[in-house]
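Coordinates in review
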Amino acid sequence: MSDEVPMTQDSGRRLALVWIGLSLITLLSWWLAGGRGHATFDRNAGITFGVLLLAAVKIRLIMTDFMEVRHAPPLLRRLTDGWIVLVIGSLLGIYAFGVGLRP
Amino acid sequence: MQQVIAAQSATDGAEPQTDERVVPGQPDMWVFVLFEGLTFGAYFVVYMLYRMGNPELFLRSQARLNPEFGVANTLVLLTSSWFMARCVRSARRADYRAALVNVSLTVVCGLLFVGSKIFEWSMKIHQGLVFSTNEFFWFYYFLTAIHVLHVLIGFVVLGVVMYQLAGPARRSQEIVETGATYWHMVDFLWVIIFALIYVMR
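Since this is a predicted model, take the numbers as computed values, not measurements. (Residues numbered from 1 in each chain as written. Chains lettered and ligands numbered in written order. Predicted model: local features only at pLDDT ≥ 70, side-chain atom pairs only at ≥ 80, totals over all residues. Heavy atoms only, no water.)

Considering the overall build of chain A
- Assigned secondary structure in chain A consists of four helices and zero strands.
- For chain A, the succession of helices and strands along the chain, N to C, is α-α-α-α.
- Going through the 103 residues of chain A one by one, you find that 47% of them count as buried.
- Summarising the internal contacts of chain A: among those between residues at least 6 apart in sequence, 69% fall at separations of at least 24.
- With the model as given, the accessible surface of chain A reaches about 5200 Å², and the carbon-plus-sulfur share is 65%. (Helix = DSSP H or I, 4+ residues; strand = E, 2+ residues; numbered from the N terminus. Buried < 20%, exposed > 50% of the residue type's maximum accessible area, 1.4 Å probe, protein only. Contact = heavy atoms within 4.5 Å. Areas by Shrake-Rupley, 256 points an atom, 1.4 Å probe, with all protein chains shown as cover.)

Overview of the overall build of chain B
- Scanning chain B for helices and strands turns up six helices and zero strands.
- Reading the secondary structure of chain B in the N-to-C direction produces α-α-α-α-α-α.
- For chain B, the proportion of its 201 residues judged to be buried stands at 58%.
- Long-range pairs, those at least 24 residues apart, make up 77% of the contacts in chain B with a sequence separation of at least 6.
- Only carbon and sulfur atoms are counted for the fraction: they give 66% of the accessible area of chain B, which is about 8000 Å².

Some points on the interface of chain B and chain A
- Listed by partner, the interface residues are 59 residues for chain B and 58 residues for chain A.
- Summed over both partners, the interface of chain B with chain A buries about 5500 Å², with 74% contributed by carbon and sulfur atoms.
- Our count for the contact surface shared by chain B and chain A stands at one salt bridge.
- In this structure, the salt-bridge partner of Glu 68 of chain A is Arg 92 of chain B, at a minimum N-O distance of 2.9 Å.
- Seen at the junction of chain B and chain A, the total is eleven residue pairs in polar contact (both at pLDDT 80 or more).
- Secondary structure elements with two or more residues in the side of chain B that touches chain A: helix H1 (27-53), helix H2 (55-62), helix H3 (67-92), helix H5 (135-166) and helix H6 (173-199) of chain B.
- Per-element accounting of the side of chain B that touches chain A gives the leading share, 14 residues, to H3 of chain B.
- Partitioning the side of chain B that touches chain A into residue classes produces 36 nonpolar, 13 polar and ten charged. (Buried area = accessible area lost by both parts, 1.4 Å probe. Salt bridge = Lys/Arg side-chain N within 4 Å of Asp/Glu carboxyl O. Polar contact = N/O pair within 3.5 Å; in protein donor to acceptor, adjacent residues only side chain to side chain. Nonpolar A, V, L, I, M, F, W, Y, C, P; charged D, E, K, R; others polar.)

Topic: the packing of H1 of chain B against H5 of chain B
Residues and elements named next belong to chain B.
- It is the contact of H1 with H5, at a shortest axis distance of 10 Å, that shows an interaxial angle of 165°. Judged by the angle between their axes, H1 and H5 are roughly antiparallel. Considering only the axes of H1 and H5, their crossing is left-handed. On H5, the residues that touch Glu 36, Phe 40, Tyr 43, Phe 44, Val 46, Tyr 47 and Tyr 50 of H1 are Glu 135, Phe 136, Trp 138, Phe 139, Phe 142, Leu 143, Ile 146 and His 150.
- Looking at side-chain class alone, the contact of H1 with H5 contains twelve nonpolar, one polar and two charged residues. (Axes fitted to C-alpha atoms, helices over the stretch in contact; angles between N-to-C directions. Parallel < 35°, antiparallel > 145°, perpendicular 65-115°, else oblique. Left-handed = near helix turned anticlockwise from the far one by under 90°.)

Digging into a nonpolar patch on the surface
- A cluster of nonpolar residues, Leu 17, Ile 20, Leu 24 and Leu 27 of chain A, forms a patch on the protein surface that exposes about 360 Å² of accessible area.
- Structurally, Leu 24 of chain A is set in helix H1 (residues 12-32). (Patch = residues over 30% accessible without salt bridge, like charges linked within 9 Å, V, L, I, M, F, W, Y side chains within 5 Å.)

Some words on empty space enclosed by the protein
- Under the criterion given, the structure shown has two cavities of 30 Å³ or more.
- A volume near 30 Å³ is recorded for the second largest cavity.
- Taken together, Met 63, Thr 80 and Trp 83 of chain A together with Val 33, Leu 34, Gly 37 and Phe 188 of chain B make up the full set of residues lining the second largest cavity.
- At the level of elements, helix H4 (74-97) of chain A together with H1 of chain B are the ones that each hand at least two residues to the lining of the second largest cavity.
- Among the elements that make up the lining of the second largest cavity, the one with the highest residue count is H1 of chain B (three residues).
- Among the residues making up the lining of the second largest cavity, the classes are represented as five nonpolar, two polar and no charged. (1 Å grid on protein atoms, 1.4 Å probe; cavity = no way out; pocket = protein on both sides within 12 Å on 5 of 7 lines; lining within 4 Å. Points joined across faces, edges and corners; volume = space filled by probe spheres on them.)

Here's what the structure looks like:
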């Protein structure tokens, strides 16, 4: 999609679609983790990577559409995308390499 | 299909209540959002480090939570953000009645969120799962409580937005957008808390 498009008045439908998408992704992450009553509590890298990457997608949607970052100058887009990559990347890195602290 | 309003001029500092402005709300709020993002990011990293230090304890403790609360909380907050985005859009179209209705619905969702958290905490405390139970529950109470604190601050922010929208002489699109930016931050921080506390394994 073009980044040149200025704010439009007619984005109600798009906002509704984003909201539906965010809700479906939330239900998908719950389903990934076993849903109601079937959840298991064993270490599972597939679930962890899945839900954290889905979280990254959700946050990006909230930022681009609800927070209107997609209409913002490139600097703001780079900062917000950079934050997502930094935080989700650190969490997945710590998980993947099993770097742990014991109190 | 979509009506394109106004100019392409992207970066010049436009007046509030026009459609040319590109940074939503006051830039100061974005500095605050990035600051909060880094602070919460550090909490999340510390959580993950402790978790990896004792993964079995965290998994066992997670099994004592009711994930339905986490899912419902997430859906409620996402819905609140949608209403807030609709409020910004309505205010931009000078439909202040719709903007007020939408910001009020945002507040209702926020209250549902806080009510549900209080209910969930009292349930867990009743089951003997308290802050001092183990490391998982330190983080469970700390992360959810500091997040609820941000929701409570959000009510003040939304109150300012409502006050602005209610009086014709006070209306400022910039203030509405600034409040919305804060509220959406509370939403996206919860998205990570949900993944870390309730669903990761």
